[in-house]
Amino acid sequence: MERLFDFSDYDQLIPLVQNSLIAGLLLGIMGGLIGVFVMTRDMSFAVHGISELSFAGAAIALLVGLNVALGATFGSIVAAIIIAILGSRAKDRNSIIAVLMPFGLGIGILALALYEGRAANKFGLLTGQIIAVDDPQVFWLIATSLVVVFGLLVVWRPLSFASLDPEVAEARGVPTKALGIVFMLLLALAVAASVQVVGALLVMTLLVTPAAAALRLTSSPLWAPLLSMIFAVVSVVGGILLALGGGLPISPYVTTLSFAIYLVARVIEKLRTGTKTKQAG
Amino acid sequence: MATESVLEFKKASLSFGDKSIWKDLTLSVAKGEFIAVIGSNGSGKTVLLKAILGQLQLSGGAIELLGKPVANGSRAIGYIPQHRQADTGLPLRAKDLLRMGLDGHRFGLPLPSSKTNKKVSEMLEAVGATDIANTPIGQLSGGQLQRIRVAQAVIDNPQLILADEPLSALDLKQQGLVAELINSRRQQNGAAVLFVTHDVNPVLDYIDRVLYLANGQFRIGTPDEVLRSDVLSKLYGRSVDVVRNQGRIAVLGSSDHDHHDDEKWL
């Protein structure tokens, strides 16, 4: 138990992880917002696919001694472009992602096997880092999150229209295809940023789970993104704070919080529909 | 009624490979005109709408919307799609779907605005949907959703309403209500309506003309001019009976030999 939670020296530890907390807050805001579109566009699987190629990019960057963040972003963007071009129909998209994913993972594993540096660096790319986000990395995360959040705010309305009601949006002259590509690029950036904190295998805990929980609770286009954002921020920042003392990766804490929120959301939904049926009957 | 033309087909032809869907279609749709597009499955009704929306390349001729060649959709068009049950779990309520017809194309956030809210609630009232304004679209019945669809299509005062089988999957009573709603909005807005349907009866009282597609050919005219045994027999190239009974019209034996499900009362 002491390895899991250790709150001694907490007051001295907090300033040390200030960077991580800022990164976590921004990741949460970004992940929660874009997650709503991931859900409405049915792109959960694409998130997974992009994250594996992002991992491959990061692993290659690690091997050849380049900036890991840059590698992760490059891998993500390549994956997003391939999925956007080849997978405009949902059915094609899933098979293309399924084909890309193991390839990306394989390349990444190869690069890591050849890498002779610290083992923690290797493992971190797949399952998340120990709490130590350095200054250049935090700068990178801040920049990426800001681009994604700002980009989403600009295209929010037409992207919602194109995601929720594509046939009518297209008839009304909304450039649904271009918006789809813009969305994939924003998603690629979001994935690349998340991979560096929670790891390639667990990206969905930030980009899917909070939005899925929010959509269990509300159908309001205002409350869904707000709740999703709150859930994601609570998961990441809470996860970092809980992980602080133990020296373990933050990802299990983040994923557990995020999953618990989802469970609670389902229970609340169940209770609500239960009372409704009773009232009706 | 003004004779100003909203939509012009100029010898428009469409073919997929060797198969000609329709050829040399020339038709001028006037402001406020209600035209039913009918024909059996595969006769090119839905692709006609896609061509107007600029989603299909013509193989010949041109289609002009308000004097300009059609582009990828247009804000002058209100579009009513076929009824399809909406997914549950989407962050979208009836009033949100409706609002997208008004400002969904604009950049930025859908910030609350009293002007927009007023338009949306007026429209909800006009289609008798005030009580379902906050219902998630996944929970709407077929008739409710199609009423919202009509409202969404007309809220931005389009000059052309395109409806793609908007009544399919609705029961007779709902068909009547939705058809009446489209017609009343047309009368108020002066928009032209192109109404694709396999059953002309729910809109028979409202339509000015019929565009009948079959066998890569077409006939245009008033229902009395087109929906006749001799005219349709010539169009299909074999004997077809048009039967009128108590104000309803049925076309018998109109199916292509491989579409037996069409051998029914139209």
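About the thresholds
Residues numbered from 1 in each chain as written. Chains lettered and ligands numbered in written order. Predicted model: local features only at pLDDT ≥ 70, side-chain atom pairs only at ≥ 80, totals over all residues. Heavy atoms only, no water. Helix = DSSP H or I, 4+ residues; strand = E, 2+ residues; numbered from the N terminus. Rg over C-alpha atoms; globule rule 2.2 N^0.38 Å. Buried < 20%, exposed > 50% of the residue type's maximum accessible area, 1.4 Å probe, protein only. Contact = heavy atoms within 4.5 Å. Areas by Shrake-Rupley, 256 points an atom, 1.4 Å probe, with all protein chains shown as cover. Lys, Arg positive; Asp, Glu negative; His and termini not counted. Charge placed at Lys NZ, Arg CZ, Asp CG, Glu CD. Pairing = 2+ DSSP bridges. Axes fitted to C-alpha atoms, helices over the stretch in contact; angles between N-to-C directions. Phe/Tyr/Trp six-rings, centres within 6.5 Å; stacked < 30°, edge-to-face > 60°. Parallel < 35°, antiparallel > 145°, perpendicular 65-115°, else oblique. Left-handed = near helix turned anticlockwise from the far one by under 90°. Nonpolar A, V, L, I, M, F, W, Y, C, P; charged D, E, K, R; others polar.

K.L.:
I'd like to hear about the overall build of chain A, residue by residue, with values.
P.N.:
Along the backbone of chain A there are 13 helices and zero strands. Counting from the amino terminus, helix and strand elements in chain A follow one another as α-α-α-α-α-α-α-α-α-α-α-α-α. Against the 2.2 N^0.38 benchmark of 19 Å for 281 residues, chain A shows a C-alpha radius of gyration of 19 Å, consistent with a compact globule. Taking all 281 residues of chain A together, the buried fraction comes to 53%. The contacts of chain A with a sequence gap of at least 6 include a subset with a gap of at least 24, amounting to 76%. Put simply, chain A shows about 12600 Å² of open surface, and 72% of that area lies on carbon and sulfur atoms. Within chain A, one finds 16 positive and 14 negative side-chain charges whose respective centroids are separated by 14 Å.

K.L.:
Hey, could you go over the sheet that holds strand β8 (residues 192–196) of chain B for me, with residue numbers and the actual values?
P.N.:
Residues and elements named next belong to chain B. The sheet built from six strands is open, its strands ordered β6-β7-β8-β3-β9-β10 with mixed pairing. Looking along the sheet, the strands with just one partner apiece sit at the ends: β6 (77–80) and β10 (217–221). For this sheet the average axis-to-axis angle between neighbouring strands, irrespective of direction, equals 15 degrees. As paired elements, strand β3 (residues 34–39) and strand β9 (residues 209–214) share five bridges and run parallel to each other. Looking at β9, one finds that Ala 36 is bridged to Val 210. In the packing of helix α1 (residues 45–52) onto the sheet, the strands contacted are β3, β6, β7 (160–164), β8 and β9, and the crossing angle to β7 comes to about 145 degrees.

K.L.:
Account for the environment of Ile148(B), naming residues and giving values.
P.N.:
Residues and elements named next belong to chain B. With respect to the helices and strands, the residue Ile 148 is situated in helix α4 (residues 142–154). Considered as a pair, Ile 148 and Val 127 are 21 residues apart in the sequence and their alpha carbons are 7.3 Å apart. If sequence neighbours within four positions are ignored, Ile 148 has contacts with Ala 94, Leu 97, Leu 98, Leu 124, Ala 129, Ile 132 and Leu 140.

K.L.:
Quick one: what's the story with the sheet that holds strand β4 (residues 60–65) of chain B, residue by residue and with numbers?
P.N.:
All names here are of chain B. If you trace the four strands from one edge of the open sheet to the other, you get β2-β1-β4-β5, paired in antiparallel fashion. Two strands in the sheet have a free side with no partner beyond their single neighbour: β2 (19–30) and β5 (68–69). Pairing analysis gives eight bridges linking strand β1 (residues 5–16) to β2, with the strands arranged antiparallel. Directly across from Ala 12, in β2, lies its bridge partner Leu 25.

K.L.:
Can you tell me about the packing of aromatic side chains, naming the residues and giving the values?
P.N.:
Going through the model one piece at a time under the given rule, you end up with five aromatic pairs over all chains. Aromatic pair Tyr212(B) and Tyr236(B): ring centres 6.0 Å apart, planes at 80 degrees, arrangement edge-to-face. Of this pair, Tyr212(B) sits in strand β9 while Tyr236(B) sits in helix α7 (residues 229–236), and the two are 24 residues apart along the sequence. Exposure class is identical for Tyr212(B) and Tyr236(B). Each is buried. Put simply, the rings of Phe37(A), Trp156(A) and Phe183(A) touch in pairs and so form one group of aromatic residues.

K.L.:
Account for the packing of helix α7 (residues 135–164) of chain A against helix α9 (residues 176–198) of chain A, naming residues and giving values.
P.N.:
Residues and elements named next belong to chain A. Relative to each other, α7 and α9 sit at 150 degrees, their axes nearing to 9 Å. Accordingly, the angle class assigned to the pair α7 and α9 is roughly antiparallel. In this structure, the crossing between α7 and α9 has a hand that is left-handed. Judged by residue contacts, Gln 137, Trp 140, Leu 141, Thr 144, Val 147, Val 148, Gly 151, Leu 152, Val 155, Pro 158, Leu 159 and Ala 162 of α7 engage Thr 176, Leu 179, Val 182, Phe 183, Leu 186, Leu 189, Ala 190, Ala 193, Gln 196 and Val 197 from α9. Here the residues of the contact of α7 with α9 sort into 17 nonpolar, five polar and no charged.

Nothing here speaks to function; it is geometry throughout.
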